[in-house]
Amino acid sequence: MSELTTKTLTELRDMLASGSISATEATQACLDRIAATEDRVGAFTSVQAEAALDYAKALDAEGPQTDKPLWGVPVSVKDILATKDAPTTCASKILENFTPFYDATAVARLRDAGAVIIGKTNMDEFAMGSSTENSAFGVTRNPWDTTRIPGGSSGGSAASVAAGQCFGSLGTDTGGSIRQPASFCGCVGLKPTYGRVSRYGCVAYASSLDQIGPLTRSVPDAALLLSAIAGYDERDSTSVDCPVPDYVAAANERQDLTGVRLGMPKEYWANGLAPEVEKGCRAAIKRAEELGAELVPVDLPHTKYGIASYYIIAMAEASSNLARFDGVRYGKRAQGAHDLIDMYTASRSEGFGDEVKRRIMLGTYVLSAGYYDAYYRKAAQVRRLVRQDYLDAFEKCDIICGPASPVTAWGLEEKTDDPLQMYLMDVYTISLNLAGLPGISLPVGLGEDTGMPVGLQLLGPAFAEDRLLAASGALMRGLDPLPAPKGLE
Ligand code: GLN
């Protein structure tokens, strides 16, 4: 890897701001890295080389701007976020040739901050999956070991950051899709509080759960990206109008963890947790204790219902959200249909992949008149209990911690024949989305059995991203950094 592309976003930003490197040079370095590695990684659905270079040149012409905190920094964005100069496919055939005429708010805010968007990253189709194998445009491979998945659904974002193809990325997290791929690829991944970041221009999967957030190589990097995208947006009625703290200052503010009460839910150390993940996470927690944190046992008794209620709610919302893809308004329209219904059916049958169809069918079923009370209403009630668990736990602790995933990245195709197995892998990330709370996954070590990255998750109360970043910054400074990924050498 060229030395430049191993730097953190913060390091690069400082070099750009001081003029020791130009925006064009930084962008070209990423494009060169993409050219050298993309055939093995497959992180992107499209790369906007020309547009990125043009944008970088325009930035260079005006010179570094102190009011643009991401001036000249090349980043990638998940292909679920609307971009006006690039296709937005959601890794689905149904949107294969769709280019929106507007930018998602998060994307527009990145551009306003001076970031150079170099490409759109691969994902599970419509963000449905945990491995990035449900993409209509091919799989993404893990830069640590290209025989393994990068996690999902924001697998392309995580892989692009880990492979040095860009300096940070935006993903989305409906049930873990930022935190789990970040943990599988040795990145930092932050899922903000529901409402912290505008979802305007983010193609909806499950609207009451979706949230956009950063994937980066360091905690201060995540703080920088979050600062750029957070805050109220009148175009998203669920975005919350509350002040945005100084996340970058937060990420650097703590030298240790004195006075931090770390909640340890026994439900997050359950059967099925791989010994190497348990060992890696416990070692990091021990380090947190050495840095002054106090461990407090907490209970999250409804965790065991998280997966069941999540998949009912997410599929129900998806079945409704995806009704808009009908061959009339966006993307693909089937040819040769003899009437309107036939055209809808053929467009959707040809355009959607198997997992998306499965979820539309199950979602329609749980919302149907005879079953609504038994499934959807019950799941919504359970969701309340899951949220209450967290609220009760945060009476006793400041931050909850546990593994981001029960296992490290598994092999390609290992779980594709068994969707239920894949769903069960989300056990530690999903409840947080049901509760609408923020969480961050941190690369705390490599598993002793697989040699793959292990992610520790820190979870916080609503709008406590600054608290999570402060604790994460201190913990990561107290741990050995991971080596460079070996899978691309
Ligand atoms: N794996 C979960 C799902 O398939 C979460 C996906 C996500 O967060 N977008 O629904």
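The structure this text deals with has already been given above.
None of these values were measured; they are calculated from a predicted model.

### Some words on the pattern of salt bridges
Consideration 1: Within the structure shown, the criterion is met by 23 salt bridges.
Consideration 2: As a salt-bridge pair, K84 and D103 come within 3.9 Å of each other at their nearest N and O atoms. Residue K84 is found in the loop between strand 2 (74-78) and helix 4 (105-112), and its partner D103 is found in the loop between strand 2 and helix 4; the two are separated by 19 residues along the sequence.
Consideration 3: By relative accessible area, D103 is classed as buried at 11%.
Consideration 4: Among the ionic pairs, K279 bridges to E448, the shortest N-O distance being 2.9 Å. Residue K279 is found in helix 9 (residues 275-290), and its partner E448 is found in the loop between strand 10 (439-446) and strand 11 (453-459); the two are separated by 169 residues along the sequence.

### Observations regarding the sheet that holds strand 6 (residues 212-216)
Consideration 1: The sheet built from 11 strands is open, its strands ordered 1-3-2-4-6-5-10-11-9-7-8 with mixed pairing. Looking at the sheet topology across the chains shown, the edges are occupied by strand 1 (44-47) and strand 8 (294-298). Mean inter-strand twist for the sheet, computed between neighbouring axes without regard to direction, equals 30°.
Consideration 2: When strand 9 (residues 399-403) meets strand 11, the two strands line up antiparallel, connected through 4 bridges. Bridge assignment links P403 to a residue of strand 11, and that residue is L456.
Consideration 3: Running over the sheet, helix 9 touches strand 7 (261-265), strand 8, strand 9, strand 10 and strand 11 and is turned about 50° from strand 11.

### Description of empty space enclosed by the protein
Consideration 1: If you walk through the whole model with that rule in mind, you get 3 cavities of 30 Å³ or more.
Consideration 2: The volume enclosed by the largest cavity comes to roughly 80 Å³.
Consideration 3: If you go around the largest cavity, you meet 14 residues; those closest to its centre are G129, S177, Y310, Y311 and D426.
Consideration 4: Of the residues belonging to the lining of the largest cavity, the class tally is 5 nonpolar, 7 polar and 2 charged.
Consideration 5: If you add up the space inside the second largest cavity, you get close to 40 Å³.

Basis of the calculations
- Residues numbered from 1 in each chain as written.
- Predicted model: local features only at pLDDT ≥ 70, side-chain atom pairs only at ≥ 80, totals over all residues.
- Heavy atoms only, no water.
- Salt bridge = Lys/Arg side-chain N within 4 Å of Asp/Glu carboxyl O.
- Helix = DSSP H or I, 4+ residues; strand = E, 2+ residues; numbered from the N terminus.
- Buried < 20%, exposed > 50% of the residue type's maximum accessible area, 1.4 Å probe, protein only.
- Pairing = 2+ DSSP bridges.
- Axes fitted to C-alpha atoms, helices over the stretch in contact; angles between N-to-C directions.
- Contact = heavy atoms within 4.5 Å.
- 1 Å grid on protein atoms, 1.4 Å probe; cavity = no way out; pocket = protein on both sides within 12 Å on 5 of 7 lines; lining within 4 Å.
- Points joined across faces, edges and corners; volume = space filled by probe spheres on them.
- Nonpolar A, V, L, I, M, F, W, Y, C, P; charged D, E, K, R; others polar.

As far as function goes, none of this settles anything; it's purely spatial.
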